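# Structural features, examined
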Amino acid sequence: TSLDYDKSKGRGTFEFSLDKGGNQGSRGGDAGQEFFIENLLDELDAPGEFYYNETSSLLYLWHNVTESDVRPPPTDGTVEATQTAVLFNATGTKENPVRNVSFLGLTFRDTAPNFMAPHGTPSGGDWAVARYGALFFEGTENVLLSGNLLTTLDGNGVFFSGYNRGAVVSKNEFVSIGETAISQWGYTEGSPVAGMGFNATNGN
């Protein structure tokens with residue numbers, strides 16, 4: 001993405017690529033509401049924001065302080081970033097499922113956002129979802145998630161994809177989840193169902 005702004009005219013022009021993203025919603029729009037800009041140095045104007053220059057490998061970070069805190073940013077410290085969207089992946093098949101996976105009393109945190117990942121539209125509604133999650137399950141039986149903390153996950157928390165049987169998600173806490181805390185999405189390929197146009201149960 002490139003942006004050229006003419007201050008004297010109070011307007012700018014920009015070019016952007018549709019190579020990835022742009023399919024997260026299914027409503028469409030004619031007023032620009034489907035677009036956003038990120039990682040632009042000129043827009044680094046508030047605490048907590050950052051800009052990364054890929055050419056120079058420099059990270060610009062606006063220190064996150066309150067308005068009443070006049071202390072300067074610390075001269076040392078740690079900045080942590082993640083590129084991992086999935087922390088655990090249990091993938092089997094209906095014929096050969098992964099069985100009896102349990103997570104009890106654990107903390108899962110800090111996954112990367114996946115809003116630019118490929119999304120699909122599970123229904124005829126106005127939303128879309130990425131088939132990802134910090135904890136991802138497909139082709140499983142008897143998964144148990146109980147007493148866990150899932151926090152600061154920038155994508156989906158728990159994702160059950162396709163065939164899953166006997167899964168229990170109980171007494172977990174979800175905090176600061178970027179997309180959906182718990183999502184389920186089967187596969188709808190198969191013989192048409194009268195009045196629906198697809199087999200809504202195949203793979204669920």
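The following refers to the structure shown. Computed from a predicted model, the values in this text were never measured in an experiment. (Residues numbered from 1 in each chain as written. Predicted model: local features only at pLDDT ≥ 70, side-chain atom pairs only at ≥ 80, totals over all residues. Heavy atoms only, no water.)

## A look at the packing of aromatic side chains
Centre distance and the angle of the planes are the two values used to describe a pair of aromatic rings. Within the structure shown, the criterion is met by six aromatic pairs. Seen in terms of ring centroids, F137 and F160 are 5.3 Å apart; in terms of plane orientation they differ by 20°. Their pairing is stacked. With F137 in strand β11 (residues 135-141) and F160 in strand β14 (residues 158-165), the pair connects residues that are 23 residues apart, well separated along the chain. For the pair shown, F137 and F160 are each scored as buried. Note that R131 overlies the ring of W185, its terminal NZ or CZ placed 4.0 Å from the centroid. The ring of Y187 has R131 lying over it, and the distance from NZ or CZ to the ring centre is 4.0 Å. (Phe/Tyr/Trp six-rings, centres within 6.5 Å; stacked < 30°, edge-to-face > 60°. Helix = DSSP H or I, 4+ residues; strand = E, 2+ residues; numbered from the N terminus. Buried < 20%, exposed > 50% of the residue type's maximum accessible area, 1.4 Å probe, protein only. Lys NZ or Arg CZ within 6 Å of the ring centre and 35° of its normal.)

## Some words on the side chain of S161
As for its placement among the helices and strands, S161 is situated in strand β14. When residues no more than four places from it in sequence are discounted, the contact partners of S161 are R131, F136, F137, E138, G139, W185 and Y187. (Contact = heavy atoms within 4.5 Å.)

## Here we look at the nonpolar core
Core analysis: the biggest nonpolar cluster contains 14 residues, and F103, L135, F137, V143, L145, L150 and V158 have the highest contact counts within it. Those elements that provide at least two residues to this core are β11, β13 (149-153) and β14. Other than its neighbours up to four places away in sequence, F137 contacts F88, A90, V101, F103, V143, L145, V158, F159, F160, S161 and N164. (Core = buried A, V, L, I, M, F, W, Y, C linked by side-chain atoms within 4.5 Å.)

## Let's talk about the sheet that holds strand β12 (residues 144-146)
Pairing in this open sheet of three strands is parallel, and the strands run β7-β12-β15 from one edge to the other. Lying at the two open borders of the sheet, with one neighbouring strand each, are β7 (102-104) and β15 (168-170). Each neighbouring strand pair of the sheet contributes to a mean axis angle of 5°, computed without reference to strand direction. In this structure, β12 lies alongside β15, joined through three bridges in parallel fashion. Residue S146 lies in a different strand from β15, and its bridge partner there is S170. (Pairing = 2+ DSSP bridges. Axes fitted to C-alpha atoms, helices over the stretch in contact; angles between N-to-C directions.)

## Some details on the pairing of β14
Most of β14 is tucked away: seven of the eight residues are buried. In the sheet, β11 pairs with β14 via six bridges, with the strands oriented parallel. Paired with F137 across the strands is F160, a residue of β14. Pairing of β14 with strand β17 (residues 182-185) involves four bridges; the strand directions are parallel. When the sheet's bridge partners are listed, S161 is paired in β17 with W185.

## So, the pattern of salt bridges
Two side chains that carry opposite charge are able to pair once their charged atoms sit near each other. Tallying each qualifying case throughout the model produces two salt bridges. Between E141 and R99 there is a salt bridge whose closest N-O contact spans 3.0 Å. Placement of E141 in strand β11 and of R99 in strand β6 (residues 98-99) is noted, with a sequence separation of 42 residues between them. Among the residues examined, E141 registers a relative accessible area of 17% and is labelled buried. The salt bridge involving R109 is made with D110; its shortest N-O contact spans 2.7 Å. (Salt bridge = Lys/Arg side-chain N within 4 Å of Asp/Glu carboxyl O.)

## With respect to the sheet that holds strand β8 (residues 107-111)
In space, the three strands of this open sheet follow the order β8-β13-β16, with parallel pairing throughout. Single-partner strands in this sheet number two, and they are β8 and β16 (173-177). Within this sheet the neighbouring strands show an average axis-to-axis angle of 5°, counted without direction. Bridge count between β13 and β16: four bridges; the pairing is parallel. If you follow T151 over to β16, its bridge partner there is V175.

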